[in-house]
Amino acid sequence: MSRLPSPDKLVTGRLYIVGIGPGSPEMLTRRAEKVIAESDVVIGNDFYLDQISHLVQGKNVIRSRMGKEVDRAKECINLAKTTSVSMVSGGDPGVYGMASIVLEVLEHTGLAIPVEIVPGITAATAGAARLGSPLSGDFAVVSLSDLLTPREVIKARLSALFSVKMPVVLYNPKSRTRTEQLGEAIALALEYLPSDTPVGIVRNAYREDESVLYTTLGKVWEIEDLVDMHAVVFIGGEETRIWKRGEDVKGIITPRGYHRKYLY
């Protein structure tokens, strides 16, 4: 009786899970450009594929949309059995990106498909660069989306983080249907931090309609309407302050602690 080939022998392709950064072609790593160029198939969310249209001309491009992450993971793995595939993900694929779901699905298949995770610039680091240096020491990143994480869990995590007074970066702060979580986060922050704590809001970092705003915890309400899913909100910690040159506000800085050790 003939035996079925093992999953290993069925695999002739390769899979790349590629972070494309915040959106500007200039923010792509050279490795990301190389593996996309070498791939026969490029698959991803419409929004991210549009950002790398110059790299995928002439390739088999498979477009998907938000909410179809599991289907997208299954499809890229199936294709990677026999061809080279790039699954593109905004920012870094391991930070609220596609890496975890693809690896989870791959684990269940038992296939030995070669996989490479290609890192990318995150929304947190891209936005921080536009603000100055708000994340110079310890910091935390929390998504306010409750699609995959229960709302009460998010609130508990935020409360714990604000209680130790470190800078916190908020991803997915507000959508058309999810409008209350940002206000809850600000209220929690105000339980532990003064109202003049610096807050930065960066929308569409390194993209055409980029905007950078500076405010404080006590005044976030005044510009809350400008926050959406394309924005990242930076809430400072106990040492975070506005960085100035003369009388002009130039950004936000969280000193790392050199001023306590060295004189300058």
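Just so we're clear, the structure is a prediction, and the values are computed from it rather than from any experiment.

## Looking at the sheet that holds strand β4 (residues 84-89)
Then step 1. Across the sheet, five strands lie side by side as β3-β2-β4-β1-β5; this open sheet has parallel pairing. With one partner strand each, in any of the chains shown, β3 (60-64) and β5 (115-118) form the two edges of the open sheet. Averaged over neighbouring strand pairs, the angle between their axes works out to 15° when direction is ignored.
Then step 2. With three bridges connecting them, strand β2 (residues 41-45) and β4 associate as parallel partners. Within β4, the residue paired with V41 across the bridge is V85.

## As for unusual backbone geometry
Then step 1. Positive phi values are uncommon outside glycine, yet K165 reaches one of about 60°.
Then step 2. Mapped onto the fold, K165 is located in the loop between α6 (151-163) and β8 (168-171).
Then step 3. On the basis of relative accessibility, which here comes to 33%, the residue K165 falls in the partly exposed class.

## Things to note about the pattern of salt bridges
Then step 1. Counting across every chain of the model gives eleven salt bridges.
Then step 2. One salt bridge connects E210 with R130, and the closest N-O pair in it is separated by 2.8 Å. On the criterion of sequence distance, the pair formed by E210 in the loop between β9 (198-203) and β10 (211-216) and R130 in helix α5 (residues 123-131) is long-range, its members being 80 residues apart.
Then step 3. For E210, a relative accessible area of 28% corresponds to the partly exposed category.
Then step 4. Where R151 meets E184, a salt bridge forms, and the shortest distance between an N and an O atom there is 2.5 Å. A residue pair is termed long-range when its members are at least 10 positions apart, and R151 in helix α6 and E184 in helix α7 (residues 181-190) qualify at 33 residues.
Then step 5. Using a relative accessible area of 27% as the deciding quantity, one classes R151 as partly exposed.

## Some thoughts on α7
Then step 1. Here α7 lies mainly inside the structure; seven of its ten residues are buried.
Then step 2. Q181, L182, G183, A185, I186, L188 and A189 are the residues of α7 that are buried.
Then step 3. Each element contacted by the buried residues of α7 is listed here: α6, β8 and β11 (231-235).

## What to know about the confidence of the model for the protein
Then step 1. Per-chain confidence: the protein averages 91 in pLDDT, with 93% of residues scoring 70 or above.
Then step 2. The secondary-structure element of the protein with the lowest mean pLDDT is helix α8 (residues 258-261), recorded at 67, while β8 shows the highest, at 98.
Then step 3. This stretch, residues 1-5, has a pLDDT under 50; its non-local contacts, to residues over four places away or in other chains, come to one contact.

Rules and cut-offs
- Residues numbered from 1 in each chain as written.
- Predicted model: local features only at pLDDT ≥ 70, side-chain atom pairs only at ≥ 80, totals over all residues.
- Heavy atoms only, no water.
- Pairing = 2+ DSSP bridges.
- Helix = DSSP H or I, 4+ residues; strand = E, 2+ residues; numbered from the N terminus.
- Axes fitted to C-alpha atoms, helices over the stretch in contact; angles between N-to-C directions.
- Buried < 20%, exposed > 50% of the residue type's maximum accessible area, 1.4 Å probe, protein only.
- Salt bridge = Lys/Arg side-chain N within 4 Å of Asp/Glu carboxyl O.
- Contact = heavy atoms within 4.5 Å.
- pLDDT = per-residue confidence, 0-100.

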